Amino acid sequence: MNAAHPPEDTWGANLDARANQLADRVAKAIERAAQQYHSEADFRREAAAILGDAASEAGLEIVPGDEFVVACGRVDALYNRLVLEYKRPGILHK
């Protein structure tokens, strides 16, 4: 996921196509990580790297926070306004 992103002036015309392309790559990378890592902590670490790389490629600045306290409890990760609650890979299939 380390490919350079296009110049900012080309993002406008290609935004939807780039978002779809990036989303597909992120989804596949997350899926591979879920198959490779079996603990929530290991999966979370890899997922954070994948999301960070994708944000950089898209030219977005994200500010991740782990084990973040919110009004109604704790969340595993907070990326700006995106809240993530991780589970051990495979647990949702049970």
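Bear in mind the structure is a predicted one, so any value in this text is a computation, not a measurement. (Residues numbered from 1 in each chain as written. Predicted model: local features only at pLDDT ≥ 70, side-chain atom pairs only at ≥ 80, totals over all residues. Heavy atoms only, no water.)

Peer 1: Before we move on, could you go through the overall build of the protein chain and cite the residues and values that matter?
Peer 2: Scanning the protein chain from terminus to terminus reveals two helices and three strands. When the helices and strands of the protein chain are listed from N to C terminus, the series reads α-α-β-β-β. A burial count over the protein chain gives 23% of its 94 residues as buried. Looking at the protein chain alone, contacts between residues at least 24 apart form 46% of all its contacts between residues at least 6 apart. Accessible area of the protein chain: about 6700 Å², with a carbon and sulfur share of 55%. (Helix = DSSP H or I, 4+ residues; strand = E, 2+ residues; numbered from the N terminus. Buried < 20%, exposed > 50% of the residue type's maximum accessible area, 1.4 Å probe, protein only. Contact = heavy atoms within 4.5 Å. Areas by Shrake-Rupley, 256 points an atom, 1.4 Å probe, with all protein chains shown as cover.)

Peer 1: Before we move on, could you go through the confidence of the model for the protein chain and cite the residues and values that matter?
Peer 2: Low pLDDT means the predicted atomic positions in that stretch should not be read closely. Averaged over every residue, the pLDDT of the protein chain is 78; residues scoring 70 or more account for 79%. Ranking the elements of the protein chain by mean pLDDT puts strand S1 (residues 64-70) last with 67 and helix H2 (residues 40-58) first with 89. (pLDDT = per-residue confidence, 0-100.)

Peer 1: Lay out the pairing of strand S2 (residues 73-79) in plain terms, naming residues and giving numbers.
Peer 2: In terms of residue burial, S2 counts as a mostly covered element, since five of its seven residues are buried. Across three bridges, the pairing between S2 and strand S3 (residues 82-84) is antiparallel. Residue pairing for S3: Ala 77 is matched across the bridge by Leu 84. Taking the residues between adjacent antiparallel strands as the criterion, S2 and S3 are bridged by two residues, where Asn 80 takes a positive phi near 55 degrees. (Pairing = 2+ DSSP bridges.)

Peer 1: I'd like to hear about the packing of aromatic side chains, residue by residue, with values.
Peer 2: Per the stated rule, a full pass over the model turns up one aromatic pair. Centre to centre, the rings of Phe 43 and Tyr 86 are 5.9 Å apart; their planes meet at 80 degrees, and the pair counts as edge-to-face. A residue pair is termed long-range when its members are at least 10 positions apart, and Phe 43 in helix H2 and Tyr 86 in the segment after S3 qualify at 43 residues. Note on accessibility: Phe 43 and Tyr 86 belong to one class, buried. (Phe/Tyr/Trp six-rings, centres within 6.5 Å; stacked < 30°, edge-to-face > 60°.)

Peer 1: Lay out the side chain of Arg 18 in plain terms, naming residues and giving numbers.
Peer 2: With respect to the helices, strands and loops of the structure, Arg 18 is situated in helix H1 (residues 8-36). Residue Arg 18 is classed as buried on the basis of its relative accessible area of 14%. Side chain to side chain, Arg 18 and Glu 57 meet in a polar contact 3.1 Å long. (Polar contact = N/O pair within 3.5 Å; in protein donor to acceptor, adjacent residues only side chain to side chain.)

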